[in-house]
Amino acid sequence: MPVSDRQLAEAKHLSLEQVRLLRRSRGTTNDTLNGMPDAAVRRALRRLDHPDMPRLRAEFRLRQARGDDGAVPPPMALGRAGDQLRSALAGGPDRATTAGVPTGRSRAARPAGGPAAGLSPVAWTWLGPGNVGGRTRGIVVHPGTPERMWAASAGGGVWATGDAGGNWAPVDDRLDNLACSCLAMDPTDPDTLYVGTGEPFRNVDAVRGNGLFRTTDGSTWASLPATRTPDFRSVGRIAVSPDGAVLLVAGSTGLLRSADPARAQWTTVLSAQVGDVRFDPTDGQRAVAGGLRTGEAWFSRDGGLSWTPATTGAWTGRVELAHAVRDPSVVYASVEMTSGQIWRSTDGGATYLARRILDVDGRPAEYLGDQGWYSNAIWAGDPTDENLLVTGGVNLWRSTDGGDHLTEISTWWAADSVHADHHAIVSHPGYDGVANRTVLFGNDGGVFRAADLALVGSEPEPPFEKGWEKLVNDYGVTQFYGGAGHSGTGTIVGGAQDNGSLRFGPAAGAQAWTEFFGGDGGWCASDPTDPDVFYGEYVFLNIHRNTDGATTDDTEGDRYISGQFFNPARGPQGEWDWKPAPFRIEDAKTGDTLFIAPFVLDPNDPDRLFGGGLSLWRTDDAKTPNTPTSGPRWRAVKPRTGAEISAIAVTPGNSDAVWVGHVDGAVFRTANGTAATPAWQRVGATGPDRLQPQRYCTRLTVHPARPQTVYACFGGYEAGNLWVTEDGGARWHGLGTALPAAPVRALAVHPQHDRFLYCGTEVGLFASEDGGTSWSPTTEGPNSCPVDDLFWMGRSLVCVTHGRGMFRIDL
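What counts as what
Residues numbered from 1 in each chain as written. Predicted model: local features only at pLDDT ≥ 70, side-chain atom pairs only at ≥ 80, totals over all residues. Heavy atoms only, no water. Helix = DSSP H or I, 4+ residues; strand = E, 2+ residues; numbered from the N terminus. Rg over C-alpha atoms; globule rule 2.2 N^0.38 Å. Buried < 20%, exposed > 50% of the residue type's maximum accessible area, 1.4 Å probe, protein only. Contact = heavy atoms within 4.5 Å. Areas by Shrake-Rupley, 256 points an atom, 1.4 Å probe, with all protein chains shown as cover. Lys, Arg positive; Asp, Glu negative; His and termini not counted. Charge placed at Lys NZ, Arg CZ, Asp CG, Glu CD. Pairing = 2+ DSSP bridges. 1 Å grid on protein atoms, 1.4 Å probe; cavity = no way out; pocket = protein on both sides within 12 Å on 5 of 7 lines; lining within 4 Å. Points joined across faces, edges and corners; volume = space filled by probe spheres on them. Salt bridge = Lys/Arg side-chain N within 4 Å of Asp/Glu carboxyl O. Polar contact = N/O pair within 3.5 Å; in protein donor to acceptor, adjacent residues only side chain to side chain. Core = buried A, V, L, I, M, F, W, Y, C linked by side-chain atoms within 4.5 Å. Phe/Tyr/Trp six-rings, centres within 6.5 Å; stacked < 30°, edge-to-face > 60°. Nonpolar A, V, L, I, M, F, W, Y, C, P; charged D, E, K, R; others polar. Disulfide = S-S within 2.5 Å. Axes fitted to C-alpha atoms, helices over the stretch in contact; angles between N-to-C directions. Parallel < 35°, antiparallel > 145°, perpendicular 65-115°, else oblique.

The next point concerns the overall build of the protein. From N to C terminus, the protein includes seven helices and 59 strands. Against the 2.2 N^0.38 benchmark of 28 Å for 811 residues, the protein shows a C-alpha radius of gyration of 26 Å, consistent with a compact globule. Seen through its C-alpha atoms, the protein measures out along the principal axes to roughly 75 × 70 × 45 Å. Taken over 811 residues, the protein has a buried fraction of 63%. Contacts spanning at least 24 positions in sequence make up 55% of the contacts within the protein whose residues lie at least 6 apart. Entry remark: accessible area of the protein is about 26,800 Å², with carbon and sulfur atoms responsible for 49%. For the protein, the centre of its 74 positive side-chain charges and the centre of its 92 negative side-chain charges are spaced 4 Å apart.

Within the span of helix H2 (residues 16–25), buried status applies to Gln18, Val19, Leu22, Arg23 and Ser25. Looking at the buried side of H2, the elements it contacts are helix H1 (5–12), helix H3 (30–34), helix H4 (38–47) and strand E40 (575–578). Phi turns positive one or two residues past the end of H2, at Gly27, with a value near 60 degrees.

Our next topic: the pairing of strand E6 (residues 157–161). Extensive coverage of E6 is indicated by the burial of four of its five residues. Across five bridges, the pairing between strand E5 (residues 149–153) and E6 is antiparallel. Bridge pairing in E6 places Ala152 opposite Val158. What sits between E5 and E6 in their antiparallel hairpin is a turn of three residues. In this structure, E6 lies alongside strand E7 (residues 169–170), joined through two bridges in antiparallel fashion. Bridged to Ala160 within E7 is Ala169.

Now for empty space enclosed by the protein. Considering all chains together, one arrives at seven cavities of 30 Å³ or more under this definition. One number sums up the size of the second largest cavity: a volume of about 150 Å³. For the second largest cavity, the lining is made up of 14 residues, of which Phe60, Gln64, Trp523, Thr698 and Arg699 are closest to its centre. Among the secondary structure elements, those contributing two or more residues to the lining of the second largest cavity are helix H5 (53–63) and strand E49 (697–702).

Further remarks concern the pattern of salt bridges. Counted by the stated rule, this structure contains 49 salt bridges. The residue Arg237 makes a salt bridge to Asp276 at a minimum N-O spacing of 2.7 Å. Placement of the pair is Arg237 in strand E12 (residues 237–240) and Asp276 in strand E16 (residues 274–280), with a sequence separation of 39 residues. Taking the relative accessible area as the measure of exposure, Asp276 reaches 0% and is therefore buried.

The next point concerns the side chain of Thr136. With respect to the helices, strands and loops of the structure, Thr136 is situated in strand E4 (residues 136–141). Side-chain polar atoms of Thr136 contact the side chain of Tyr475, separated by 2.8 Å. Once you skip the residues sitting within four places of it in the chain, Thr136 turns out to touch Ala151, Ala152, Ser153, His423, Gly442, Asn443, Gly446, Val447 and Tyr475.

For the bond running from Gly128 to Pro129, omega is 5 degrees, close enough to zero to count as cis. Structurally, Pro129 is set in the loop between strand E3 (125–128) and E4. A positive phi angle, close to 45 degrees, is found at Ile357, a residue other than glycine. Position of Ile357 among the secondary structure elements: in the loop between strand E23 (353–354) and strand E24 (377–379). The phi torsion at Phe540 lies on the positive side, around 60 degrees, for a residue other than glycine. Mapped onto the elements, Phe540 comes out in the loop between strand E37 (534–538) and strand E38 (542–546).

Pairing between the strands of a sheet comes from backbone hydrogen bonds, and it takes one of two forms, parallel or antiparallel. Pairing in this open sheet of four strands is antiparallel, and the strands run E53-E54-E55-E56 from one edge to the other. The open sheet is flanked by strand E53 (744–749) and strand E56 (776–777), the only strands paired with a single partner.

Our focus in this paragraph is the nonpolar core. Judged by nonpolar contacts, the single largest core of 68 residues is most densely connected at Met36, Tyr535, Phe595, Phe599, Leu609 and Leu616. A total of four residues in this core trace back to one element, the largest contributor, which is H4.

Let us look at the environment of Val749. If you trace the backbone, Val749 turns up in strand E53. By relative accessible area, Val749 is classed as buried at 5%. Residues Val749 and Trp792, spaced 43 residues apart in sequence, show a C-alpha to C-alpha distance of 9.2 Å. Other than its neighbours up to four places away in sequence, Val749 contacts His703, Pro704, Tyr711, Asp754, Phe756, Leu757 and Trp792.

Here we take up the packing of aromatic side chains. Ring pairs (aromatic) are described by centroid distance and by the angle formed between their planes. Inspection of the entire model under this criterion finds 17 aromatic pairs. When the ring of Trp373 is compared with that of Tyr374, the centres are 5.6 Å apart and the planes differ by 55 degrees; the resulting orientation is tilted. In this pair, the class of Trp373 matches that of Tyr374, namely buried. Ring geometry for Trp379 against Tyr431: centres 5.5 Å apart, planes inclined by 75 degrees, an arrangement best described as edge-to-face. A residue pair is termed long-range when its members are at least 10 positions apart, and Trp379 in strand E24 and Tyr431 in the loop between strand E28 (422–427) and strand E29 (439–443) qualify at 52 residues.

Along the chain, Glu336 turns up in the loop between strand E21 (331–335) and strand E22 (341–345). The buried charged residue Glu336 lacks any salt bridge, with Arg55 as its nearest oppositely charged partner at 5.9 Å. Apart from residues no more than four positions distant in its own chain, Glu336 is found in contact with Thr316, Gly317, Arg318, Leu368, Gly372, Trp373 and Asn376.

Vacant regions in the atomic arrangement are exposed by a probe of water-molecule size rolled over the atoms. One number sums up the size of the largest pocket: a volume of about 1,400 Å³. Around the largest pocket, the lining comprises 43 residues; the ones closest to its centre are Arg278, Pro281, Ile425, Val426 and Ser427. Those elements giving two or more residues to the lining of the largest pocket turn out to be E4, strand E8 (180–186), E12, E16, strand E20 (319–323), E24 and E28. Classifying every residue of the lining of the largest pocket gives 29 nonpolar, eight polar and six charged.

In this section: the sheet that holds strand E18 (residues 297–300). Here we have four strands laid out as an open sheet, ordered E16-E17-E18-E19, and antiparallel in their pairing. What marks the edges here is a single partner per strand, and that holds for E16 and strand E19 (308–309).

Right, let's talk about the state of the cysteines for a bit. Tallied over the entire structure, the rule returns zero disulfides. No disulfide involves Cys180; its sulfur sits 8.7 Å from that of Cys182, the nearest cysteine. For Cys759, which is in no disulfide, the shortest distance to another cysteine sulfur is to Cys713 and amounts to 5.9 Å.

What follows concerns H4. Helical periodicity: at 3.6 residues per turn, an α-helix aligns residues three or four positions apart in one direction. With seven of its 10 residues buried, H4 lies for the most part within the structure. Taken as a whole, H4 has its buried residues at Ala39, Ala40, Val41, Ala44, Leu45, Arg46 and Arg47.

This part covers the packing of H1 against H2. Helices that pack against each other are described as a pair by the angle of their axes relative to one another and the distance between those axes. Packing of H1 against H2 leaves a shortest axis separation of 9 Å and a crossing angle of 105 degrees. Taken together, H1 and H2 sit at an angle that is classed as roughly perpendicular. In contact with Asp5, Arg6, Leu8 and Ala9 of H1, H2 contributes Leu16, Val19, Arg20 and Arg23. Of the residues belonging to the contact of H1 with H2, the class tally is four nonpolar, no polar and four charged.

In structure tokens:
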């Protein structure tokens, strides 16, 4: 029997309004909500405070890319930074290592000068995660050798497997742009593939694109120079005609077409916001296109040369399209609307009629949830049945009657089901609807497979786990924001985008990372005096503490030390609540922080934490036990400036010397940071040797041996994103002129060689042996990808990337 709203509210101790909000936001049914464990219900309720997480993530990243005037970077800014990276590789000194890090044009030659004094030539070790994955926007499969597959990750480039997902590897570590948004294969030559860069599915991500890339052998990729223009700064979809002659691309300024083999000539054939384009698989003269944000659709009958608006309903938002393979005159549209609608055309996409889309309870299926602009996919690839559909938003749904009725076949909260947020659905080349019914899925957790589409997720009640297989074996595309490690045990933790706070145990290896806190992760800290104590955060400075070595997940929501807790006594259902002051961070409660807000553990006192919102918050009893009414005591120790705090550093050996950076580039210091009301001084604001950037301060690093020397890192696609003071902030000079014009996100100083510096940028890691006068990019490990954090475990440097997981090198 269907579960009514009232029955669900009583069973889960929810209000009727919470039931409706949860069903819509998670794109699911009452049956699935009724099967949720209590801990999953609490997490889903917590997410209601931030209903559009994908957009918040994108806006946070964009703030770090803006210039001094607050403007969005110009088109192709990342591409130009990539050009500068390649110039540094080609024109720099050909040394085997720089500060112990692999560099140089001819690594195998190892010049006679060898590595830096006292450092042996070593290589990076990839730590993983090899079992977590990350956002995947495209999948293609070789028709003659279906064990060969390629996947486009949003932050880690293109990856390939030769054993049907048993093992993955990146195809080209020097691909100009690792922000891949779509993949397409030439139907006449499966070794020719195209990848588009820059996700268009959010307003704020234009900086990431750098046009199209092509391979003609499946492994070696090259940029298509004619696409390195503003028209291609974001690419939503690539369509190749059945004869391989014509390319259609949903670009940032409209729909573009190329018919020459070199792809050197492009014509804008439709000036509109287009997010999807598809050729009829049997007729290269017929094609359809869907709008990115405006609810529009178009069709072409001349190979994409001209386009006619389709006859639709009052559509809004993003439109995804799919031809029915059995009868390509049937075209399905998944329309964003409020929470998803399916429409069907029987005349090749010229006119569409609405389907009923009823779920098992007889309600309209809200299958896209509240983020159809972000995750929206539809498939009609069965050659025996034009009425068989699969559509994906948060979960996956199947229809056997052309969209009139939908049944869930995945459950986002179940460990053995499929990850949430679906972007790509692709048939196995041998799919025939009878003997082979294998389908592949790309989502925010990587690549998954259903060996039998008719049986997958067919349990009588949720969770729907049957028949799902995770294919993220060494598919290392996890996007971390921060990390920390304990030198004694080798345990490492990291905060990942949409994949939680994760733990790496050195004995378990890259394939055995585990989650110890769900949701988005962020900054992390490790107590150097206690191997069992780790800190992480959920969004908006909601700091949590783990006291068992990060080995177990927080199932009850009682590990927050920022003041939030689940209060069963609040109202008849129980709700998330906040402790009274001083047992809470007020800025975390009000949301007056960055989406991923900085916090640091005092390196001199493991009981002291600093967290940044609009104010700087400090606790001196970070390990005090938690109760519903007490816990660590917090106090604001720095007045607000009106700009959020974005970086914090405590001087090793002196807890009173604290440095703070803000999103507007202002940097402050205090000499009595442990006092009840520290006195703060802005540094570098005036004078000829002032600190010039007026943009996002991403990181502050105090030199471990020279406390008056402090490095300041900045965002923005501009030159000069690394600065240093050697006199406590009175005078500053730039160290970033030799670095690419891209955000600098992290800096580390070698613990024994005080002029050896390591710099994490948007385009990889750079090393210096002369205090930052000259820089060399690493040629192995974390090259080309964003490096968000660097930290030491003894003399091993751990590199935390936003798209390739973590790396370590023994220096």
